[in-house]
Amino acid sequence: MTASALPVPRLHIVTGKGGTGKTSVAAALALALAGSGRRVLLVEVEGRQGIAPLFDAPSMGYEERHLASGLDGGEVFGQSVDADEALLDYLTLFYRLGSAGKVLQKFGAIDFATTIAPGLRDILLTGKLKEAVSRAESGRMAYDAVVLDAPPTGRVVKFLNVTVESGRLAKTGPIGKHSRSVARMLHSSQTAVHLVTTPAAMPVQETLDAHRELMAADLPVGHVVLNKVAGAKAVEVGEDEIRAGLERSGLNPDDALVAGLMEEYRGARAEIEAVDAYRDRLEELGRPVEELPLIPEGVDLSGLYQLARVLRPGFSEERRHG
């Protein structure tokens, strides 16, 4: 397959170890994908409510609503997908229960169903993603892309591997048919699972482990995002350069001051070299590696746009190849 024929994912699943900033990356990616005339849906699951604060917005619910404008005039919408609401949708779609579904919810039947068959919860959540990806309105796709702030890397393969879960629940009937159609999308070129990490030993190792597990499950890996990277580069500095710099600044370059500055320099250089080593390990996976800067004051809406501008070139290139 030539580069010009590469498929373009429509479902972007963002995962990472806790603390790596995957929610911020998912939100920034949605802004980056929302080019001129494009509509992007940003989804969270499991009641996390981590997206709305980034956009200075009220808590999100099951109904899709506008969150922000994209970088180039597109629109980003948000949704918090709840398994109970998704099951009501499912019952209405396949069994035409209508208002009877609300009665089942009132008496706790829905919660009971997802408790005795926990795999059903993930099938319902991923099924709602498929519905959003596939929905058409007024002769065009409702959304040009869907971005999911997914469970962390330690649980993401189980969450996405609905084929296995459906086999435990039902091989035939509506549940089996529904989950197989969801699995086909998740294992296809329509989907890309992006891995978020920070330049530290544990997150990088968990990213490498998650990549291996995703590949073993035949789930499509997209980009690796190295997040929270300090912007310095390693340069050679010796005591003579430090003394000269102090003299130019009108400071007395005594031995104690020079020695202290050299110690700080060696520590900073070691950190920079460690980042380079982590980057090298990630690049060995053979996936595009996107690098995002550390925002010391924390990520707010302004920071999201800053991150989106950094992400856009890599994902724009992906779209041009589509």
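1. Observations regarding unusual backbone geometry
Then, in step 1: Of note, the phi angle at Ser138 is positive, near 55°, even though the residue is not glycine.
Then, in step 2: Note that Ser138 resides in the loop between strand 5 (136-137) and strand 6 (140-141).
Then, in step 3: By relative accessible area, Ser138 is classed as exposed at 83%.
Then, in step 4: The phi dihedral of Lys228 falls on the positive side, at around 60°, and the residue is not glycine.
Then, in step 5: Inspection of the secondary structure puts Lys228 in strand 9 (residues 221-229).

2. Examining the sheet that holds strand 1 (residues 11-16)
Pairing between the strands of a sheet is mediated by backbone hydrogen bonds and can be parallel or antiparallel.
Then, in step 1: With mixed pairing, eight strands are arranged side by side in an open sheet as 3-4-2-7-1-8-9-10. Lying at the two open borders of the sheet, with one neighbouring strand each, are strand 3 (65-69) and strand 10 (289-293). Along the sheet, successive strands turn relative to each other by an average axial angle of 25°, direction set aside.
Then, in step 2: Of the strand pairs in this sheet, strand 3 and strand 4 (residues 75-81) are connected by four bridges, and their pairing is antiparallel. Bridge pairing links His66 to Phe77 in strand 4.
Then, in step 3: Along the sheet, helix 9 (residues 201-216) makes contact with strand 8 (191-197) and strand 9, crossing strand 8 at roughly 160°.

3. Here's the deal with the nonpolar core
Then, in step 1: In terms of nonpolar packing, the biggest core is built from 39 residues, with Ile13, Val146, Leu148, Leu160, Leu186 and Leu214 touching the most fellow members.
Then, in step 2: The dominant element in this core, judged by the number of residues it contributes, is helix 5 (residues 118-134), at seven residues.
Then, in step 3: By size, the runner-up hydrophobic cluster in this structure holds 34 residues, among which are Val76, Ala145, Val147 and Leu304.

4. A few points about the side chain of Thr207
Then, in step 1: You can see Thr207 is positioned in helix 9.
Then, in step 2: Overall, Thr207 belongs to the buried group, its relative accessible area being 1%.
Then, in step 3: Those residues within four positions of Thr207 in sequence are excluded, and the remaining contacts are Leu195, Val196, Thr197, Val224 and Leu282.

5. Observations concerning the confidence of the model for the chain
Then, in step 1: For the chain, mean pLDDT is 82; residues scoring 70 or higher make up 76% of the total.
Then, in step 2: For the chain, helix 3 (residues 99-106) is the element with the lowest average pLDDT, namely 51, and strand 1 is the one with the highest, namely 98.
Then, in step 3: For residues 1-6, every residue scores under 50 in pLDDT, and the model assigns this stretch eight contacts once sequence neighbours within four places are set aside.

6. Some details on the packing of helix 6 (residues 153-160) against helix 9
Then, in step 1: Orientation of helix 6 relative to helix 9, taken along the N-to-C sense of each, is 15°, at an axis distance of 9 Å. By the angle between their directions, the pair helix 6 and helix 9 is classed as roughly parallel. Two packed elements cross with a definite hand, and for helix 6 against helix 9 that hand is right-handed. Each of Thr153, Gly154, Val156 and Val157 in helix 6 lies in contact with helix 9, whose residues at this interface are Glu206, Ala210, Glu213 and Leu214.
Then, in step 2: Counted by class, the contact of helix 6 with helix 9 contains four nonpolar, two polar and two charged residues.

7. Remarks on the packing of aromatic side chains
Then, in step 1: Throughout the structure, instances matching the rule amount to one aromatic pair.
Then, in step 2: Pairing Phe77 with Tyr143 gives two aromatic rings, centres 5.9 Å apart and planes at 65°, and the pair type is edge-to-face. You can see Phe77 sitting in strand 4 and its partner Tyr143 sitting in the loop between strand 6 and strand 7 (145-149), a full 66 residues away along the chain.
Then, in step 3: Under the relative-accessibility criterion, Phe77 is labelled buried at 11%.
Then, in step 4: Look at Tyr143 and you get buried, because its relative accessible area is 2%.

8. Points about the pattern of salt bridges
Then, in step 1: Enumeration according to the criterion identifies 12 salt bridges in this entry.
Then, in step 2: Between Lys22 and Asp149 there is a salt bridge, and its shortest N-O distance comes to 2.6 Å. Note that Lys22 is positioned in helix 1 (residues 22-33) and Asp149 in strand 7, a separation of 127 residues in sequence.
Then, in step 3: The exposure class of Lys22 is buried, given its relative accessible area of 8%.
Then, in step 4: On the basis of relative accessible area, Asp149 is assigned to the buried category, the value being 1%.
Then, in step 5: With a shortest N-O distance of 2.6 Å, Arg279 and Glu291 are connected by a salt bridge.

9. Quick look at the pairing of strand 8
Walk down a regular strand and you will see the side chains alternate between the two sheet faces.
Then, in step 1: Burial analysis of strand 8 places seven of its seven residues in the buried class, the great majority of the element.
Then, in step 2: Residues of strand 8 alternate between two faces, with Thr191, Val193, Leu195 and Thr197 on one and Ala192, His194 and Val196 on the opposite face, all of them buried.
Then, in step 3: Relative to strand 8, strand 1 runs parallel, the two being bridged by six bridges. By the bridge assignment, Val14 is partnered in strand 8 with His194.
Then, in step 4: Both strand 8 and strand 9 contribute to a ladder of four bridges, which runs parallel. Residue Val193 lies in a different strand from strand 9, and its bridge partner there is Val221.
Then, in step 5: For the segment spanning strand 8, helix 9 and strand 9, crossover handedness is right-handed.

Calculation notes
- Residues numbered from 1 in each chain as written.
- Predicted model: local features only at pLDDT ≥ 70, side-chain atom pairs only at ≥ 80, totals over all residues.
- Heavy atoms only, no water.
- Helix = DSSP H or I, 4+ residues; strand = E, 2+ residues; numbered from the N terminus.
- Buried < 20%, exposed > 50% of the residue type's maximum accessible area, 1.4 Å probe, protein only.
- Pairing = 2+ DSSP bridges.
- Axes fitted to C-alpha atoms, helices over the stretch in contact; angles between N-to-C directions.
- Contact = heavy atoms within 4.5 Å.
- Core = buried A, V, L, I, M, F, W, Y, C linked by side-chain atoms within 4.5 Å.
- pLDDT = per-residue confidence, 0-100.
- Parallel < 35°, antiparallel > 145°, perpendicular 65-115°, else oblique.
- Left-handed = near helix turned anticlockwise from the far one by under 90°.
- Nonpolar A, V, L, I, M, F, W, Y, C, P; charged D, E, K, R; others polar.
- Phe/Tyr/Trp six-rings, centres within 6.5 Å; stacked < 30°, edge-to-face > 60°.
- Salt bridge = Lys/Arg side-chain N within 4 Å of Asp/Glu carboxyl O.
- Right-handed = clockwise from strand over helix to strand, strands pointing away.

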